[in-house]
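Residues per chain are reported as follows:
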Amino acid sequence: MATETLFEIALTVNGVVRETKVPARRLLSDCLRHDLGLTGTHVGCEHGVCGCCTVLLDGEPVRSCLTFAVTAAGHEITTVEGLAAPDGTLSPVQRAFRECHALQCGFCTPGFLCTATALLAENPAPTDEEILEGISGNLCRCTGYQNIIKAVHRAAEIAAEEAAADAGDAAPGRAADEP
Ligand code: FES
Ligand code: FES
């Protein structure tokens, strides 16, 4: 029986180059979960409907169940495991989801977090309509979406507050005896 050809690929996942061997038909979702052990990416429908498997490919949200791992070779992938800072500080989107109770069972959450991260990177202050449009490819069976929308607004606020604080820190300081 002919054996399946394996391809050596290198993916940059959450900033780390990961090498593996996969058949051409290996889905990126399976590669991440089974080959690389990154089970934070969830798989629901496996045919592009639910959005649970969303990851960022060069910053753009993609359905990893519709992407072949070999086509992601040489690209930068961010999964839910890569959203927090290296010291474990949750990202603004992650903090906002927790603060606004934007998850219940959590199955859909990794996909929503990646989608919302990309949405806010492109549009830092979206309207309700823009958020609805942005998350329209992600299904949630628990929350009714209202708290997810609130969380995206809250994440935008947190990110803006942090940017303002960083700008303040970077501004030249005033001398102590200056009026
Ligand atoms: S598992 Fe990929 S879209 Fe549902
Ligand atoms: S929190 Fe359960 S599916 Fe969204």
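Before reading on, note that the structure itself is shown above.
Residues numbered from 1 in each chain as written. Chains lettered and ligands numbered in written order. Predicted model: local features only at pLDDT ≥ 70, side-chain atom pairs only at ≥ 80, totals over all residues. Heavy atoms only, no water.

**What to know about the packing of helix α2 (residues 92-99) against helix α3 (residues 109-122)**
- As a packed pair, α2 and α3 sit with axes 9 Å apart at the nearest point and diverge in direction by 125°. What the angle tells us is that α2 and α3 run oblique. Once α2 is placed against α3, the crossing between them reads as right-handed. Note on element contacts: α3 touches α2 through Thr109, Phe112, Leu113, Ala116, Thr117 and Leu120, opposite Val93, Gln94 and Phe97.
- The residue inventory of the contact of α2 with α3, partitioned by class, reads six nonpolar, three polar and no charged. (Axes fitted to C-alpha atoms, helices over the stretch in contact; angles between N-to-C directions. Helix = DSSP H or I, 4+ residues; strand = E, 2+ residues; numbered from the N terminus. Parallel < 35°, antiparallel > 145°, perpendicular 65-115°, else oblique. Left-handed = near helix turned anticlockwise from the far one by under 90°. Contact = heavy atoms within 4.5 Å. Nonpolar A, V, L, I, M, F, W, Y, C, P; charged D, E, K, R; others polar.)

**Considerations on the sheet that holds strand β2 (residues 16-23)**
- If you trace the five strands from one edge of the open sheet to the other, you get β2-β1-β5-β3-β4, paired in mixed fashion. Looking at strand neighbours, the two that pair on one side only are β2 and β4 (60-63), the edges of this open sheet. The sheet shows a mean angle of 40° between the axes of neighbouring strands, direction not considered.
- Pairing analysis gives four bridges linking strand β3 (residues 54-57) to β4, with the strands arranged antiparallel. If you follow Val55 over to β4, its bridge partner there is Val62.
- Across the sheet, α3 lies against β3, β4 and β5 (76-78), angled at about 35° from β3, the strand it touches most. (Pairing = 2+ DSSP bridges.)

**With respect to the pairing of β3**
- Burial along β3 is two-sided: Thr54 and Leu56 and Val55 and Leu57, pointing in opposite directions, are all buried.
- Hairpin remark: β3 followed by β4, antiparallel, with two residues in the connecting loop; positive phi at Asp58, about 50°.
- Relative to β5, β3 runs antiparallel, the two being bridged by two bridges. Residue pairing in the sheet places Leu56 in a bridge with Thr78 of β5. (Buried < 20%, exposed > 50% of the residue type's maximum accessible area, 1.4 Å probe, protein only.)

**Notes on the layout of surface pockets**
- The computed volume of the largest pocket comes to approximately 150 Å³.
- Lining the largest pocket are Gly44, Cys45, Cys50, Cys52, Cys105, Phe107, Cys108, Leu139, Cys140, Arg141 and Cys142.
- Taken domain by domain, the lining of the largest pocket gets at least three of its residues from each of domain 1 (6-82) and domain 2 (92-169). (1 Å grid on protein atoms, 1.4 Å probe; cavity = no way out; pocket = protein on both sides within 12 Å on 5 of 7 lines; lining within 4 Å. Points joined across faces, edges and corners; volume = space filled by probe spheres on them. Domains from an automatic or database assignment.)

**As for the nonpolar core**
- Formed by 28 residues in total, the largest nonpolar core has its most connected members in Val93, Phe97, Phe112, Ile148 and Val152.
- Looking at this core, the elements with two or more residues in it are α2, α3 and α5 (146-170).
- Two domains each donate at least three residues to this core, and these are domain 1 (6-82) and domain 2 (92-169).
- Counting residues in each nonpolar core, the second largest holds 15 residues, with Leu11, Leu36, Ala69 and Ile77 among its members. (Core = buried A, V, L, I, M, F, W, Y, C linked by side-chain atoms within 4.5 Å.)

**Some remarks on α2**
- For α2, the complete set of buried residues consists of Val93, Gln94, Ala96 and Phe97. The buried side chains of α2 occupy one side of the element, clustering within an arc of 165° when seen end-on.
- Buried-residue contacts for α2 involve α3 and α5.
- Just downstream of α2, His101 is the residue with a positive phi angle, here 55°. (Arc of directions from axis to C-beta.)

Just geometry here; none of it tells us what the structure is for.
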